[in-house]
There are 2 protein chains.
Amino acid sequence: MQRDVRQNFSFTLKAHDGQVRLGEIATPRGAIRTPAFMPVGTAATVKAMLPQTVRATGADVILANTYHLMLRPGAERIAKLGGLHRFMGWDGPILTDSGGYQVMSLSKLRRIEEHGVTFQSHVDGATLELTPARAIQVQCLLGSDIQMVLDECTPFPATRDQAKASMELSLRWAERSKQAFRELSAPGQALFGIAQGSIYPDLREASAAALKSIGFDGYAIGGLAVGEGHQAMLDTVDVTTAVLPEDQPRYLMGVGTPEDLLAAIAHGIDMFDCVMPTRSGRHCQAFSWGGLLNLRNARYAEDPSPLDAESACPAARYSRAYLHHLVKCGEVLGPMLLSWANVHFYQELMAKARESILAGGFAAFAEDVTRRYSAPSDLDGDKT
Amino acid sequence: MQRDVRQNFSFTLKAHDGQVRLGEIATPRGAIRTPAFMPVGTAATVKAMLPQTVRATGADVILANTYHLMLRPGAERIAKLGGLHRFMGWDGPILTDSGGYQVMSLSKLRRIEEHGVTFQSHVDGATLELTPARAIQVQCLLGSDIQMVLDECTPFPATRDQAKASMELSLRWAERSKQAFRELSAPGQALFGIAQGSIYPDLREASAAALKSIGFDGYAIGGLAVGEGHQAMLDTVDVTTAVLPEDQPRYLMGVGTPEDLLAAIAHGIDMFDCVMPTRSGRHCQAFSWGGLLNLRNARYAEDPSPLDAESACPAARYSRAYLHHLVKCGEVLGPMLLSWANVHFYQELMAKARESILAGGFAAFAEDVTRRYSAPSDLDGDKT
């Protein structure tokens, strides 16, 4: 679809089921039904999938990585080619991260200072700088619909002092990001703040409160799913959402497994992204309504049943025996089909979650799925 | 489609344009319009493509490799799973080779004797035997629609004595293959003989005449495109087709480039297979109506034009800049799109060849394409 310039970014809460929220984000490039899962299209491609296939799984929005795209092919180049949507053939909304997380995890020789981060490109070794203003400039050059402030993803574990200093730096960067966004963004584009503070409740509260007073179009919770554990993650979500505005979207970054997603929805989260469905697909793992399957497992060699009889995904109709054969032979069709089936599963999970919220049955739905996913899976079974 | 058991294998010549032939092969799994190009689905997958995508390029028939499938997942296993068509999700006709060529090129420790070939699997080192009867048995277990006799693909160059001995062994194997096929095949399945004889005209004539007197449903010309050169290939095609029956299909195995295909059609060939479109796709090369492109070439980094504006393939609508980006990043979507575009190009080439034959303009069409493909390509240009 064309970008509808009359449509502003807005969020409508449509239903509640306890803390659980059902909503819809309006953007100039179409609506995002929440709870929403965003497939990750790191380098302007959701790995091993065509854009129209991603769309057909039910995805309303995808995520792209600012760090990867600023290094290759470059934000100015993408702008010259008409922006990221045209470049990659995705006409729905795109959320971009700020690049901060990947600078920390992928680049070498990074130096974090008040003005920003200096780092070496992992592609060609060039020395580059990412500041709050540059992170926004890059996202505007890409034409991103939902942009993220530059933050420091606090390493885990961190002492309280480390977490506090890091969170406060992120707040100062958030203000500078917002200033740059005011100057550079187009009508209808949105900017999200990111709460930090490790697992310290008072720091999380302070971060959320300060972001709220700066004012953003939505709020992300960063620095989780980094080893703190399921319960600490949920506790941190709780203290943060308690402070965040009720009427704006809440995005839990980098999460996660089906169980994590459902638990976080139960705690009031609206948006997610994770590489798990595509990465698992490349590693022979399939998310199905019967639980997690490892297609390398010899038990599938003569199994004529479809990958997932409960899924509506065309890729899930291929037999387990065929998928086993493909992954054993290293045929690229294996990752193609498994990535597709997994992204579809995640979208079905969100669609069914939304239906169950409307019907007032989210808790039972989440319990059922969580039970399926905590049953013994064949991931630890005999491999061949 | 379901297999139509009332439909026998048959070939109808529909038009001539000089030596050039237009025809149609009827099979229980649908028609094959000739001249036909068969995409290669070695291990029960046309690499990096979905079966329905292969079909949508215009392919009526695909080729699968007996050698690969007998090693992995095994012919008996595929039979147990309902046959190759069901296994891989392709409901059109499938031609299988006999496995002979790959035994020679891929396996270790092969011993060629009168009764057959003993070899070591390149997958797990197991010692296996391929005889004329076993080659047919495997193809029947796969459920192949068009089967090939076991032959020895004579190495090039070969002395006349070597070529004669090899050709005569292949003839004795062809008789035994036919005997096995009589015993094992299902109604509507077809068996093709394979002419050998290196580049010696009298040996090629003798081979073709002997095969004709055994009697097959179609005739392949093997042992070409192995280094003998374009003119020697065409001369050998000529001496062979002069002996072969006019009213049966002729298949030039393992050929080739667009120029080779058009030249061979001009010399009376009806069927082709080659890994070139898919293999080139994995190596960043694109067959287009403007000639061969190397998408790694830096000149495409900011080229917003589509891969091939003259192609009707959805993959050819992606910009050269985007495809360049994908291959530079090693993203699997690059090979996916380029394989798709290349297989589509080969099918468009055959479709336009068929149209031009009907219109009496094949020579002009072939000359035009050959000119485009002999123009300086960017394959030797600056790489980045």
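Residues numbered from 1 in each chain as written. Chains lettered and ligands numbered in written order. Predicted model: local features only at pLDDT ≥ 70, side-chain atom pairs only at ≥ 80, totals over all residues.

A.B. asks: Honestly, the pairing of strand β12 (residues 218-221) of chain A in this entry has me stumped. Any pointers?
C.D. replies: Strand residues, when the strand is regular, have side chains that alternate between the two faces of the sheet. All names here are of chain A. Residues Gly218 and Ala220 of β12 are buried on one face, and the alternating residues Tyr219 and Ile221, pointing to the opposite face, are buried as well. Pairing of strand β11 (residues 190-195) with β12 involves four bridges; the strand directions are parallel. Following the sheet pairing, Ala195 is matched in β12 by Ile221. Remark: the β11/helix α8 (residues 201-214)/β12 crossover connection has right-handed handedness. Relative to strand β13 (residues 250-252), β12 is paired through three bridges, and the arrangement is parallel. Looking at β13, one finds that Tyr219 is bridged to Arg250. Handedness of the crossover joining β12 and β13 through helix α9 (residues 230-241): right-handed. (Buried ≥ 20, exposed ≤ 12 C-beta atoms within 10 Å, placed from the backbone. Helix = DSSP H or I, 4+ residues; strand = E, 2+ residues; numbered from the N terminus. Pairing = 2+ DSSP bridges. Right-handed = clockwise from strand over helix to strand, strands pointing away.)

A.B. asks: Please explain the domain arrangement of chain A as it appears in this structure.
C.D. replies: One widely used convention gives an interface's size as the accessible area the parts lose upon coming together. Residue and element names in this part refer to chain A. For chain A, the domain assignment lists domain 1 (10-274) and domain 2 (281-380). When each unit is reduced to the centre of its C-alpha atoms, the spacing between domain 1 and domain 2 is 27 Å. Contacts between the two partners involve 24 residues from domain 1, matched on the other side by 25 residues from domain 2. Listing elements by their share of the side of domain 1 that touches domain 2, those giving two or more residues are β1 (10-17), β2 (20-27), β4 (36-39), α1 (51-56) and α10 (258-266). Of all the elements, α10 adds the most residues to the side of domain 1 that touches domain 2, at six residues. Residue composition of the side of domain 1 that touches domain 2, grouped by class: 17 nonpolar, three polar and four charged. (Domains from an automatic or database assignment. Contact = placed C-beta atoms within 7 Å. Nonpolar A, V, L, I, M, F, W, Y, C, P; charged D, E, K, R; others polar.)

A.B. asks: Can you help me understand the interface of chain B and chain A in this one?
C.D. replies: Between chain B and chain A, the contact holds 30 residues from the first and 29 residues from the second. At the level of elements, α3 (75-80), α4 (84-88), α12 (320-329) and α13 (333-358) of chain B are the ones that each hand at least two residues to the side of chain B that touches chain A. The element that contributes the greatest number of residues to the side of chain B that touches chain A is α12 of chain B, accounting for six residues.

A.B. asks: Sorry, what's going on with helix α14 (residues 362-374) of chain A here?
C.D. replies: Residues spaced three or four apart along an α-helix point in a common direction, a consequence of the helix completing one turn every 3.6 residues. Residues and elements named next belong to chain A. Along its 13 residues, α14 runs 18 Å from first to last C-alpha, staying within 8% of the 18 Å computed at 1.5 Å per residue. Listed in full, the buried residues belonging to α14 are Phe362, Ala366 and Val369. Angularly, the buried residues of α14 cover 70° about the axis, an arc narrow enough to put them on a single face. Turned more than 90 degrees away from the buried face of α14 sit Ala364, Glu367, Arg371 and Ser374, all of them exposed. Those residues of α14 hidden inside the fold are in contact with β1, β2, α10 and α13 (333-358). (Expected span 1.5 Å × (residues − 1). Arc of directions from axis to C-beta.)

A.B. asks: Mind showing me how you'd approach the confidence of the model for chain A here?
C.D. replies: Where the model shows low pLDDT, its predicted coordinates should not be examined in detail. Residues and elements named next belong to chain A. The predicted model of chain A has a mean per-residue pLDDT of 96, with 98% of residues at 70 or higher. When the criterion is pLDDT under 50, residues 380-384 qualifies, and its contacts beyond four places in sequence or with other chains add up to seven contacts. For this predicted complex, the interface score ipTM comes out at 0.97, while the overall pTM is 0.97. (pLDDT = per-residue confidence, 0-100.)

A.B. asks: Which parts of the structure should I look at to understand the sheet that holds strand β13 (residues 250-252) of chain B?
C.D. replies: Sheet strands pair via backbone hydrogen bonds, and the direction of the pair is either parallel or antiparallel. All names here are of chain B. If you walk across this open sheet you meet the eight strands as β4-β14-β13-β12-β11-β10-β6-β5, and the pairing is parallel. A strand with exactly one partner marks an edge of an open sheet, and here the two such strands are β4 (36-39) and β5 (62-64). Sheet twist, expressed as the mean angle between neighbouring strand axes with direction ignored, is 25°. (Axes fitted to C-alpha atoms, helices over the stretch in contact; angles between N-to-C directions.)

A.B. asks: Got a minute to help me understand the relation of the copies chain B and chain A in this structure?
C.D. replies: Mapping between the two copies of the chain is achieved by a rotation about an axis and a shift along the axis. Overlaying chain B with chain A gives an RMSD of 0.0 Å, the required rotation being 180° about an axis along which the chain moves by 0.0 Å. When the rotation and shift are considered jointly, the pair of chain copies conforms to a two-fold rotation axis. Taking C-alpha positions as the reference, the residue of chain B nearest the rotation axis is Val332 of chain B, at 4.1 Å. (Least-squares fit on C-alpha atoms with pLDDT ≥ 70 in both.)

A.B. asks: Please explain the packing of helix α12 (residues 320-329) of chain A against α13 of chain A as it appears in this structure.
C.D. replies: To describe two helices that pack against each other, one gives the angle between their axes and the distance between the axes. All names here are of chain A. Direction vectors running N to C along α12 and α13 enclose 130°, while the axes themselves pass 8 Å from each other. Between α12 and α13, the crossing angle belongs to the class labelled oblique. Between α12, through Leu323, Leu326 and Val327, and α13, the contact on the second element is made entirely by Leu333, Gly334, Leu337 and Leu338. A class-by-class count of the residues in the contact of α12 with α13 yields six nonpolar, one polar and no charged. (Parallel < 35°, antiparallel > 145°, perpendicular 65-115°, else oblique.)

A.B. asks: Explain the sheet that holds strand β7 (residues 108-113) of chain A here, please?
C.D. replies: Residue and element names in this part refer to chain A. Pairing is antiparallel across the open sheet formed by three strands, whose spatial order is β7-β8-β9. The two strands at the open ends of the sheet, each matched to only one other strand, are β7 and β9 (127-130). Taking the axes of each pair of neighbouring strands and ignoring which way they run, one obtains an average angle of 15° across the sheet. Examined bridge by bridge, strand β8 (residues 116-120) and β9 share four bridges and lie antiparallel to one another. Counterpart to Thr118 in the pairing with β9 is Glu129.

A.B. asks: What am I meant to see in the environment of Phe287 of chain B here?
C.D. replies: Residues and elements named next belong to chain B. For Phe287, the position within the fold is in strand β15 (residues 285-288). Sequence separation between Phe287 and Phe345 is 58 residues; the distance between their C-alpha atoms is 6.5 Å. Phe287 has contacts with Pro258, Pro277, Ser280, Leu292, Asn342, Phe345 and Tyr346, leaving out every residue within four places of it along the chain.

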